[in-house]
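Architecture and fold: a report
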Amino acid sequence: MAAEERGGEPQDNMGNHLQLVPVESEEEDDNEMEVEDQDGKEAEKPNIINFDTSLPTSHMYLGSDMEEFHGRTVHDDDSCQVIPVLPRVMVMLIPGQTLPLQLFRPQEVSMVRNLIQKDRTFAVLAYSNAHEREAHFGTTAEIYAYREEQEYGVETVKVKAIGRQRFKVLEIRTQSDGIQQAKVQILPERVLPPTMSAVQLQSLSRCHVIPSSKPSWQDRAIRQWWQKYQKRKFHCASLTSWPPWLYSLYDAETLMERVKRQLHEWDENLKDESLPSNPVDFSYRVAACLPIDDALRIQLLKIGSAVQRLRCELDIMNKCTSLCCKQCQDTEITTKNEIFSLSLCGPMAAYVNPHGYIHETLTVYKTSNLSLNGRPSTEHSWFPGYAWTIAQCRICGSHMGWKFTATRKELSPPKFWGLTRSALLPRIPDGDGDSEDSEHGRSPLLCL
């Protein structure tokens, strides 16, 4: 494989073969690297994105003739279940997040075949770091698309699955065939009542006008009506000892609006209609899009309330200023102002390369301190119409992601960068009491 010939690893490679052109001299290669890095710094945000954002979410690189399944498996809250664990899936899956897989090992292929005949559900364990041997939490995943094929005599299974429910690991046992079975407890989702429900008269509840969704801001009258509605929501706070703004801090609808304003800064073309209206589903969608390390993500996975989860996500979005190389820790790669969405799932989604390695890839307009390895290739591109080139940290040489370049002039954006979440470390300024966490390399505990 070309990636191995260049000293890299198969997980860096998006295609089966990386097309390389012999370099005439080292000096010419160095000049090319410098030009590419400068090009990343000077990239401009396009006014219009005409790329079809539904293409990445469809994962067409897995094949268009996959067998699809309907229905869903939902286990009762607090129930104990025994679920098979799919090995070597090093992803901290969030409920609602799509998980593409390419499996080659006979053990994995046999396991998936058995799952298809049953409830199509397997367990994805959440490890806070790559060196952790035991996982205490995880998420159930349900297969909704499946395809078998043979390549060079090797049976391959391609799968699309989706995260369903959080669980706590009680026990893990290994069967005689090597498959692990996890005994888990399904974690419930606590739905909190509205903040003002304790002081509002139930007899007057039917008089409260509650919109089904946020109205469009095109009409000035509708905008004014919405603002008045927001103020009326907390008018009963005058009957308590606390001010209205305190209740708004724990109001799911208000928190969702604040998070949406942050999301609109990432993606100016984002439509509220494309986001879940349910606070629980909305909080999970945001959690899957945040470019945070596993230590922070597992904090979100442990939270059992949408209100609490939204407060943490808002805290992350407000505090995170930039993203650094996880290996170097101080080498800035990009800032949060450069993040944008090129997928219906948001600015970050999971993709799998032909070698079976999963990358949660964040799309950004501009980067710094990156160098390129090899020549552009369109093979197995996650973004149809774009060629990819491996990008590495200029300081330590760690694989950071890829640069994507449009193969057609009419495509917009003409270029962007896809950064793998596992190589990124969010830069969150320390507070007064966070110095100890910083010294020990732990991620800060966010607002709960």
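Residues numbered from 1 in each chain as written. Predicted model: local features only at pLDDT ≥ 70, side-chain atom pairs only at ≥ 80, totals over all residues. Heavy atoms only, no water.

This next bit is on the sheet that holds strand β16 (residues 424-427). A sheet is described by the order of its strands in space; here 3 strands give the open sequence β9-β8-β16, paired in antiparallel fashion. Of all strands in the sheet, those bounded by a partner on one side alone are β9 (332-335) and β16. With strand direction ignored, the average angle separating the axes of adjacent strands in the sheet is 30°. Where strand β8 (residues 322-325) and β16 come together, 4 bridges link them in antiparallel fashion. Looking across to β16, one finds that Cys 325 is bridged to Leu 424. (Pairing = 2+ DSSP bridges. Helix = DSSP H or I, 4+ residues; strand = E, 2+ residues; numbered from the N terminus. Axes fitted to C-alpha atoms, helices over the stretch in contact; angles between N-to-C directions.)

Once that is clear, we can look at the packing of aromatic side chains. Any pair of aromatic rings gets described here by the distance separating the centres and the angle formed by the planes. The full count for this structure, using the stated rule, is 11 aromatic pairs. Consider the rings of Phe 51 and Tyr 386, whose centres lie 5.5 Å apart with planes at 75°: the pair is edge-to-face. With Phe 51 in the loop between α2 (26-42) and α3 (54-58) and Tyr 386 in strand β13 (residues 386-393), this residue pair connects regions lying 335 residues apart in the sequence. You can call Tyr 386 buried: its relative accessible area is 1%. Between Tyr 351 and Phe 383, the aromatic rings sit 5.6 Å apart at their centres with planes inclined by 55°, giving tilted as the arrangement. Taken together, the residues Tyr 351 in strand β10 (residues 348-352) and Phe 383 in the loop between β12 (370-377) and β13 connect sequence positions 32 residues apart. The exposure class of Tyr 351 is buried, given its relative accessible area of 2%. Above the ring of Phe 282, the side-chain terminus of Lys 260 is found at 5.8 Å from the ring centroid. Cation over ring: Arg 311 sits above Tyr 250, and NZ or CZ is 4.3 Å from the ring centre. (Phe/Tyr/Trp six-rings, centres within 6.5 Å; stacked < 30°, edge-to-face > 60°. Buried < 20%, exposed > 50% of the residue type's maximum accessible area, 1.4 Å probe, protein only. Lys NZ or Arg CZ within 6 Å of the ring centre and 35° of its normal.)

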